[in-house]
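These are the residues of each chain, in order.
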Amino acid sequence: MSSIPERLQAVRDAIVAATNEARRPLDAVQLLAVSKTFGPDAVLAAAAAGQRAFGENYVQEGVDKIAAVSVALPGERLVWHFIGPVQSNKTRPIAEHFDWVHTVEREKIAVRLSDQRPAGLGPLNVCVQVNISGEASKSGVAPAEVAELAEAVARLPNLRLRGLMAIPEPSDDFTEQRAAFAAMRVLYEQLRERFGAGFDTLSMGMSADMRAAILEGATIVRVGSAIFGARTYNKEQA
Ligand SMILES: *Cc1c(COP(=O)(O)O)cnc(C)c1O
């Protein structure tokens, strides 16, 4: 059995290899370590190996873990990304405890996150989630509606529009994986012309498809099981 630091290093090596293959700068792709369902000790092990950005899917689990980790590492600033579905009655703890939200798919949710963001924390970084695989996926806005939602997010005072996020329909076929990510890249580049250099994030690619995502321009890959191991359960959001 390999350890978290060993698996983390293997993921870093794979990111470097894909980034080189894509002829992109080595700092073009950030690793978000998805720690959902794993306890604070797993986060601490990855943090000790130099990982700083962590992704969580479930609000209460994430808030509890952030608290436990900050007690264990006082003075150390990790960066927490919320990457799960956002329910409107859960926006406040997200706005209060996270640095990023990747999964904004409705204006109403964006307004609540902005209203509830504590003044002292600075703007919450937001990606608009895109439904890039059509009917196969329930989450995200249709590509034709992304620009309108992005405009709404960009107008809100306590949010900072950073980019787009997608979870394409899983596929074992590399060509299919790449096609979905290529469609995201086209959307991203169109919106980047509109919103400028601050619109700098294309969040796509997970353990099974990060090479295809990096070849198509991902700037954040969200990797869980390749770092922390297989998840033994999938917790439903309470
Ligand atoms: C769980 C999850 C991941 C990580 O998936 P792995 O296959 O474990 O790498 C990435 N993104 C989102 C939105 C997730 O829910």
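Summarised in this report is the structure supplied together with it.

Cut-offs applied
Residues numbered from 1 in each chain as written. Predicted model: local features only at pLDDT ≥ 70, side-chain atom pairs only at ≥ 80, totals over all residues. Heavy atoms only, no water. Near = heavy atom within 4 Å. Polar contact = N/O pair within 3.5 Å; in protein donor to acceptor, adjacent residues only side chain to side chain. Areas by Shrake-Rupley, 256 points an atom, 1.4 Å probe, with all protein chains shown as cover. Nonpolar A, V, L, I, M, F, W, Y, C, P; charged D, E, K, R; others polar. Axes fitted to C-alpha atoms, helices over the stretch in contact; angles between N-to-C directions. Helix = DSSP H or I, 4+ residues; strand = E, 2+ residues; numbered from the N terminus. Parallel < 35°, antiparallel > 145°, perpendicular 65-115°, else oblique. Left-handed = near helix turned anticlockwise from the far one by under 90°. Contact = heavy atoms within 4.5 Å. Phe/Tyr/Trp six-rings, centres within 6.5 Å; stacked < 30°, edge-to-face > 60°.

## Notes on the site of the ligand
Step number 1: In the vicinity of the ligand there are 13 residues, among which Lys 36, Asn 57, Ser 207, Ser 225 and Arg 231 approach most closely.
Step number 2: Asn 57 is positioned such that a nitrogen or oxygen atom in its side chain is 2.7 Å from an oxygen atom of the ligand.
Step number 3: Within the backbone of Gly 224, one N or O atom sits 2.8 Å away from an oxygen atom of the ligand.
Step number 4: The protein chains hide 89% of the 390 Å² of surface that the ligand would expose on its own.
Step number 5: Per-class residue counts for the shell around the ligand are six nonpolar, four polar and three charged.

## What to know about the packing of helix H6 (residues 146-155) against helix H7 (residues 174-195)
Step number 1: Where H6 contacts H7, the axes come no closer than 11 Å and their chain directions differ by 40°. Judged by the inter-axis angle, H6 sits oblique to H7. Pair H6 / H7 crosses with right-handed handedness. Listed contacts from H7 to Val 146, Ala 147, Ala 150, Glu 151 and Ala 154 of H6 are Leu 187, Leu 191, Arg 194 and Phe 195.
Step number 2: Tallied by class, residues from the contact of H6 with H7 come to seven nonpolar, no polar and two charged.

## Quick word on the packing of aromatic side chains
Step number 1: Applying the stated criterion across every chain, the model contains five aromatic pairs.
Step number 2: Relative to Phe 199, the ring of Tyr 188 lies with its centre 5.6 Å away and its plane at 25°, an arrangement referred to as stacked. Here the residue Tyr 188 occupies a position in helix H7, and Phe 199 occupies one in the loop between H7 and strand S7 (201-203), the gap between them amounting to eleven residues.
Step number 3: Counting every residue linked through ring pairs, the aromatic cluster contains Tyr 188, Phe 195 and Phe 199.

The analysis is restricted to geometry; functional conclusions fall outside its scope.
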